[in-house]
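# Observations on the model geometry
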Number of protein chains: 2
Amino acid sequence: MGKVLIIGAGGVSSVVVHKCAQHPDVFEEIVLASRTKSKCDSIAAQIDRPIETAQVDADNVPELVELIKKVQPDLVLNVALPYQDLHIMDACLETGVNYLDTANYEPEDTAKFEYKWQWDYQDRFKDAGIMALLGSGFDPGVTSVFCTYIQKHHLDEVHTIDIIDVNAGDHGYPFATNFNPEINIREVTARGRYWEKGEWKETDPLSVKHAFEVPENIGTPNIYLMYHEELESLAKHIPHLKRARFWMSFGDSYLKHLEVLGNVGMTRIDEVEFNGQKIIPLQFLKALLPDPATLGPRTVGKTWIGCQVTGLKDGKEKTVTIYNTCDHQECYKEVQSQAISYTTGVPAMIGANLMISKVWSGEGVFNMEQMDPDPFMDLLNTCGLPWKVIDGPVIDLG
Amino acid sequence: MGKVLIIGAGGVSSVVVHKCAQHPDVFEEIVLASRTKSKCDSIAAQIDRPIETAQVDADNVPELVELIKKVQPDLVLNVALPYQDLHIMDACLETGVNYLDTANYEPEDTAKFEYKWQWDYQDRFKDAGIMALLGSGFDPGVTSVFCTYIQKHHLDEVHTIDIIDVNAGDHGYPFATNFNPEINIREVTARGRYWEKGEWKETDPLSVKHAFEVPENIGTPNIYLMYHEELESLAKHIPHLKRARFWMSFGDSYLKHLEVLGNVGMTRIDEVEFNGQKIIPLQFLKALLPDPATLGPRTVGKTWIGCQVTGLKDGKEKTVTIYNTCDHQECYKEVQSQAISYTTGVPAMIGANLMISKVWSGEGVFNMEQMDPDPFMDLLNTCGLPWKVIDGPVIDLG
């Protein structure tokens, strides 16, 4: 049916390539490109279908344009770094090709997560007659689709949304980050933020927490209120919404490590003079920590990501919870990646699938809440991320 | 009376220069040398007596010899790095000049504290007719003199010694080390070791601890069993000794930081490849942490260092405790250094004082336990480190 050009060759990319390869009817041709071609080649070597690979610097728009013109894909699927989103969007505009990503753009020198920069492309994508789908991962991504699915089938009005992201996995290291530690640490040390009654409210980093007995005996972690990018698009796109919050689980040991590393300056992102060289402490820390790519084989346990949604049904207050659980070892068996990469990569493939098959289409820049949830929800069930809906809350979050 | 050549220009050196300058009858001339002459000059500028300064690389024996020949001191007082002890001893041998240091030699590439290397100089110093006094700081140094003083005046036989080193000071930083962090961290992460019934027993690092209510309301820290170098010389020089242990206080937060830094590899002393450069993580950490020299003005609280000694007096078992307390802010007012540097620097000056005035003399290599404690104890009282003896124990250490 179509051809996809995947840019980026990290942990999520590997899952995307595996999962696209499982759907040859939609993804007839797959091209994989990144700054380091050898990384593409080693992903391609895991797949029993031919995958074309290429070298490209995703910060270099002319290089991207040249590659897109040569490959002629139906869709560019961006799983490079969030810093690079705008360059790839520019290249798609110049070549008239549809675009999809899994995480919103952030400038490299701040820890600011905002859709502003990408929403500013709305008119240009519309004028070019092409579609950009933003944030088609799990969170953001599936979490938004979960909410619109509840809105469509279970409630008449959605009033509050609590997104809860639990990773109850254990990699056996005293400290390691599940994806790029630079981005991970910047996210966690940011101030908490949630949306209520039309405005944003801030909290000190990790200052609001609840103990959570996760369904299906997955664990009993503390979950912490933090900002996450889908809150911004949910607030914009869900009518009647009164409050939207995001919660993530962190172990005590993980937080202890983070606190100490912050205290001694190891999470600093400015340059430090050392032996006549300029060194960014967080990048040196990253070099010391286990490579996230090596965590896959040794991570056991499950993830649980869900939305607890309240609202009105037939004039009565009602709470509905919808969630997915995912087992690290089963993911690894299937695609040689743990569940963190798996839960992001599968929804990216599904979004791309729906765009290439024209089930989801449009002109302009779209968030996940703007699309019909049903075909996406069906594919989640058949592509490795089955979900459940239960009546009532799973936790009292006040 | 004499001339001292002080080598090294760190925190302890600054105290030594201040205190030597207070005794012009003994230290008629003071010469201060280190790798960085400007450091010597800024110490000299704090003193209202003329202090001569010089540049010398303490790793370079011919350079040291040349300097000693030029200066013609009565004593070389070594407060450089422990790695450099042997080079300075070599230079003293070649020039026939007496030697004193405050910490035993350790090879730079291991965390091994042993007197072996310096005791091996015994015959050469004897043959040259000169004296080396090893470890004339507080611990080692005063702690050994405390024990021989108790042995001389309060007990007929010393059976057990527990040295307790408490720093109840607060510098207001989440984490900082009180002296060279490289040496500090290597010491603390080493396995614990104590001497009992003629042999050394090992413990896991920081695995044995007691809560200690420090006399004079100084604090209630946990103290941890660890190895310290004076245990080796006490075991050799105190007859009848059955057990010798060393305990140091650490705050929970300090240990938490140390644990995490160890977990992520920041205390490693091997080289790590980063951006094409070889970097020793512990040295990079040192560059991030507050400079110990800047802690002085902001450190409040006191130190308490003492020896709890048991033995026989007139055929009966008896326990005697002897200790000094020292106030960080008062030290800073007097010599612009906090108590950690002060308690090491003052005993170095006293040892030098006794050697130059020939109250302490000898040919060969000597530890503090081999000298008459009385003149040293008198000078402690008059030079800023007064001590107290009390009957009975201050803590039950099992």
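Parameters and conventions
- Residues numbered from 1 in each chain as written.
- Chains lettered and ligands numbered in written order.
- Predicted model: local features only at pLDDT ≥ 70, side-chain atom pairs only at ≥ 80, totals over all residues.
- Heavy atoms only, no water.
- Least-squares fit on C-alpha atoms with pLDDT ≥ 70 in both.
- Contact = heavy atoms within 4.5 Å.
- Salt bridge = Lys/Arg side-chain N within 4 Å of Asp/Glu carboxyl O.
- Helix = DSSP H or I, 4+ residues; strand = E, 2+ residues; numbered from the N terminus.
- Buried < 20%, exposed > 50% of the residue type's maximum accessible area, 1.4 Å probe, protein only.
- Domains from an automatic or database assignment.
- Buried area = accessible area lost by both parts, 1.4 Å probe.
- Polar contact = N/O pair within 3.5 Å; in protein donor to acceptor, adjacent residues only side chain to side chain.
- Nonpolar A, V, L, I, M, F, W, Y, C, P; charged D, E, K, R; others polar.
- Arc of directions from axis to C-beta.

For the rest of this paragraph, the subject is the relation of the copies chain B and chain A. Superposing chain B onto chain A requires a rotation of 180° together with a translation of 0.1 Å along the rotation axis, leaving an RMSD of 0.0 Å. Viewed as a symmetry operation, the transformation between the two copies matches a two-fold axis. By C-alpha distance to the rotation axis, the residue of chain B lying nearest is Val260(B), at 3.4 Å. Here 100% of the contact residues of chain B are again contact residues in chain A; the copies associate through an equivalent surface.

Right, let's get into the pattern of salt bridges. Evaluated as defined, the whole model comprises 36 salt bridges over all chains. With a shortest N-O distance of 3.8 Å, Asp162(B) and Arg243(B) are connected by a salt bridge. Within this pair, whereas Asp162(B) is found in strand S7 (residues 157–167), its partner Arg243(B) is found in strand S12 (residues 243–250), the two being separated by 81 residues in sequence. Asp162(B) gets classed as buried once you look at its relative accessible area, which sits at 3%. The partner of Lys201(B) in a salt bridge is Glu196(B), and the shortest N-O contact between them spans 3.1 Å. For Lys201(B), a relative accessible area of 29% gives the class partly exposed. Residues joined by salt bridges that share partners form a network here, namely Arg35(A), Asp57(A) and Asp59(A).

This next bit is on the side chain of Thr267(B). Note that Thr267(B) resides in the loop between helix H10 (252–263) and strand S13 (272–274). Beyond its immediate chain neighbours, meaning those up to four positions away, Thr267(B) contacts Ile185(B), Leu261(B), Gly262(B) and Leu282(B).

Let us now look at the domain arrangement of chain A. Residues and elements named next belong to chain A. Assigned domains within chain A: domain 1 (2–134) and domain 2 (142–336 + 387–391). Contact residues are listed per partner, giving 22 residues for domain 1 and 15 residues for domain 2. Both faces combined, the contact of domain 1 with domain 2 buries some 1500 Å², and carbon together with sulfur accounts for 50% of it. Counting the surface domain 1 buries against domain 2, the share from its top three residues, Phe113, Tyr115 and Trp119, is 38%. A salt bridge links glutamate 334 to lysine 19; its shortest N-O distance comes to 2.6 Å. At the boundary of domain 1 and domain 2, one finds four residue pairs in polar contact (both at pLDDT 80 or more). By residue number, the principal contributor to the side of domain 1 that touches domain 2 is helix H1 (residues 11–21), which donates four residues. When grouped by side-chain class, the residues that make up the side of domain 1 that touches domain 2 number ten nonpolar, six polar and six charged.

As a further point, take the interface of chain B and chain A. With 24 residues of chain B at the interface, the matching set in chain A holds 24 residues. The contact between chain B and chain A buries some 2200 Å² in all, and 74% of this surface belongs to carbon and sulfur atoms. The tally of links between chain B and chain A comes to two salt bridges. Glu259(B) is the partner of Lys256(A) in a salt bridge, and the nearest nitrogen-oxygen pair spans 2.9 Å.

Right, let's get into the side chain of Gln118(B). Within the secondary structure layout, Gln118(B) lies in helix H5 (residues 116–119). In contact with Gln118(B), other than residues within four places in its own chain, are Asp85(B), Leu86(B), Met89(B), Tyr99(B), Asp101(B), Asn104(B), Tyr105(B), Leu134(B) and Val365(B).

Here the focus is helix H11 (residues 281–288) of chain A. Every buried residue of H11(A) is listed here: Pro281(A), Leu282(A), Phe284(A), Leu285(A) and Leu288(A). Buried residues of H11(A), viewed axially, fall in a sector of 160°; they line one side.

A word on helix H12 (residues 328–335) of chain A. Residue and element names in this part refer to chain A. For H12, the full list of buried residues reads His328, Cys331 and Val335. Down the axis, H12 shows its buried residues gathered within 65° of arc, on one side only. Facing away from the buried side of H12 by more than 90 degrees, the exposed set consists of Glu330 and Lys333. The opening residue of H12 is aspartate 327, an N-cap whose side-chain oxygen sits 2.9 Å from the backbone nitrogen of glutamine 329.

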